[in-house]
Amino acid sequence: MSVIRVHDKSFDTYLSEETILKRVKEIAATISKDYEGRRPLFIAVLNGSFMFASDLFKQLTIEAELCFIKLASYKGMKSSGNVVTSIGLEDDLFGKDVIIVEDIVDTGKTLHNFLPKLIHQQPRSLRIAALLHKSEATEFPLELHYIGFDIPNKFVVGYGLDYDGLGRNLKEIYQLT
Ligand code: IMP
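Calculation criteria
Residues numbered from 1 in each chain as written. Predicted model: local features only at pLDDT ≥ 70, side-chain atom pairs only at ≥ 80, totals over all residues. Heavy atoms only, no water. Pairing = 2+ DSSP bridges. Helix = DSSP H or I, 4+ residues; strand = E, 2+ residues; numbered from the N terminus. Buried < 20%, exposed > 50% of the residue type's maximum accessible area, 1.4 Å probe, protein only. Contact = heavy atoms within 4.5 Å. Polar contact = N/O pair within 3.5 Å; in protein donor to acceptor, adjacent residues only side chain to side chain. Expected span 1.5 Å × (residues − 1). Arc of directions from axis to C-beta.

A. Region of interest: the sheet that holds strand 10 (residues 173-176). With antiparallel pairing, four strands are arranged side by side in an open sheet as 1-2-10-9. Of all strands in the sheet, those bounded by a partner on one side alone are strand 1 (3-6) and strand 9 (156-157). In this sheet, strand 10 lies alongside strand 2 (residues 9-15) in antiparallel orientation, the contact comprising four bridges. Residue pairing for strand 10: L15 is matched across the bridge by I173.

B. The environment of D34, seen in detail. By the element assignment, D34 lies in helix 1 (residues 17-34). According to the relative accessible area criterion, D34 is partly exposed, its value standing at 34%. Discounting residues that sit within four places of it in the chain, D34 has contacts with R127 and Y146. Within the local environment of D34, its side chain forms a polar contact with the side chain of Y146, the two groups lying 2.6 Å apart.

C. The arrangement of helix 1 in detail. The terminal C-alpha atoms of helix 1 lie 26 Å apart, and with 18 residues this matches the ideal 26 Å at 1.5 Å per residue to within 8%. Within the sequence span of helix 1, burial applies to I20, V24, I27, A28, I31 and S32. Angular distribution of buried residues about the axis of helix 1 spans 135°; they occupy a single face of the element. Across from the buried face of helix 1, at angles greater than 90 degrees, the exposed residues are E18, K22 and K33.

D. Quick peek at unusual backbone geometry. Between L46 and the following residue, N47, the backbone shows a cis peptide bond with an omega angle of 0°. As for its position among the elements, N47 is in the loop between strand 3 (41-46) and helix 2 (50-58). One non-glycine residue, D164, lies in positive phi territory at about 50°. If you trace the backbone, D164 turns up in the loop between strand 9 and strand 10. For D164, a relative accessible area of 62% puts it in the exposed group.

Right, dumping it as structure tokens:
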């Protein structure tokens with residue numbers, strides 16, 4: 001196990017590159033089977049999911065489309081809290097089989113706020129693929145169809161995930177010591 005520093009914090013190796021890629025391959029195989037004969041549209045949520053989306057997409061054995069979106073939260077004018085807007089979302093998801101690709105689902109708030117925007121466009125189906133899930137941290141329950149790893153409620157970096165902008169380039173996933 002190796003310890004690394006990112007900014008002011010220390011992290012231990014948690015998931016090796018080999019472990020991650022093996023699991024991503026398994027998820028790709030399951031999705032390829034589930035969506036055989038269809039042509040799903042993968043909507044990957046930036047920034048964190050770029051590496052997962054890339055490795056997952058490479059391993060698919062079916063035809064599929066991919067787009068990237070960015071979610072931005074802002075304080076709503078009403079008391080409803082953060083509202084999520086999206087940049088880069090296709091306008092026409094009607095009748096499409098959509099799979100959202102997320103790096104990590106923590107409280108679930110981000111996707112909980114964003115899903116109604118997608119559902120409003122009446123896709124034929126909508127599923128979520130999350131590489132990591134901190135199930136202990138759930139505040140907004142979501143149905144996650146494809147999960148890479150259920151992890152403890154500890155901060156992680158690497159494989160696309162950052163701590164204050166750094167650590168995304170790491171091939172492995174590291175956990176706060
Ligand atoms: P949620 O809205 O609480 O589910 O949080 C989702 C977002 O928070 C993710 O897409 C990440 O950008 C960020 N996040 C949550 N936990 C971590 C972590 O352990 N490391 C890095 N980013 C995280």
